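# What the coordinates show
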Amino acid sequence: MCFYNQKRFACGDWNWTNFAHRCNYEYRTGETCGMRLVNLTEFESTQCRLCEKIETKYRRRSAEMERLNRWKREGGTLVASMDRSQLLIMELDKEICQLKRERDDRRKALT
């Protein structure tokens, strides 16, 4: 039961940071017992890495949707570009789903 500092993000996710101090159960010099307890929690106003990636993918998807809708409004002469744009949107949807699943799996594993 060694103590570590913790960083808590605005999205609710958290991360271990620095080693704080050793518990009384570990007698070997420089070793830790393997169990981690929270010593101090630092609150961050930013989001975690996964949430930032998800937001970036949503912004990119939104821009691609706007471009596709504009091309449809102006006339469908750019059929190849429209098809490419639709494929890119589907690919972004898959990546967003995968990142959300990764975030949920991480949260479930730690609770």
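Presented here is a report on the structure given in the accompanying data block. (Residues numbered from 1 in each chain as written. Predicted model: local features only at pLDDT ≥ 70, side-chain atom pairs only at ≥ 80, totals over all residues. Heavy atoms only, no water.)

## Concerning the overall build of the chain
- Counting its secondary structure elements, the chain contains two helices and three strands.
- Moving toward the C terminus, one meets the helices and strands of the chain in the order β-β-β-α-α.
- The buried share of the chain, taken over its 111 residues, is 22%.
- Pairs at least 24 apart in sequence give 58% of the contacts found in the chain among residues at least 6 apart. (Helix = DSSP H or I, 4+ residues; strand = E, 2+ residues; numbered from the N terminus. Buried < 20%, exposed > 50% of the residue type's maximum accessible area, 1.4 Å probe, protein only. Contact = heavy atoms within 4.5 Å.)

## Remarks on the side chain of Q6
- Tracing the backbone through its elements, the reader meets Q6 in strand β1 (residues 2-8).
- Within the structure, the side chain of Q6 is placed 3.1 Å from the side chain of T41, a separation counted as a polar contact.
- Once you skip the residues sitting within four places of it in the chain, Q6 turns out to touch W14, N15, T17, V38, L40, T41 and E42. (Polar contact = N/O pair within 3.5 Å; in protein donor to acceptor, adjacent residues only side chain to side chain.)

## With respect to the pattern of salt bridges
- Across all of its chains, the model carries four salt bridges by this definition.
- Close ionic contact of E95 with K57 constitutes a salt bridge, the shortest N to O distance being 2.5 Å. Of the two residues, E95 is situated in helix α2 (residues 79-110) and K57 in helix α1 (residues 49-74); the sequence distance between them amounts to 38 residues.
- For E95, a relative accessible area of 22% gives the class partly exposed. (Salt bridge = Lys/Arg side-chain N within 4 Å of Asp/Glu carboxyl O.)

## Brief notes about the packing of aromatic side chains
- Inspection of every chain in the model, using the stated rule, returns three aromatic pairs.
- With 5.3 Å between their ring centres and 75° between their planes, Y4 and F19 make a pair best called edge-to-face. With Y4 in strand β1 and F19 in strand β2 (residues 14-21), this pair connects stretches of sequence that are 15 residues apart.
- Residue F19 is classed as partly exposed on the basis of its relative accessible area of 39%.
- With a centroid separation of 5.0 Å and an interplanar angle of 85°, the aromatic rings of W14 and W16 are classed as edge-to-face. (Phe/Tyr/Trp six-rings, centres within 6.5 Å; stacked < 30°, edge-to-face > 60°.)

## Observations concerning the nonpolar core
- Among the nonpolar cores identified, the biggest contains six residues, and these are F9, C48, L50, C51, I54 and L99.
- Sorting elements by how many residues they give to this core places α1 first, with three residues.
- Filtering out sequence-adjacent residues up to four positions away, F9 remains in contact with W14, N15, E44, T46, Q47 and C48. (Core = buried A, V, L, I, M, F, W, Y, C linked by side-chain atoms within 4.5 Å.)

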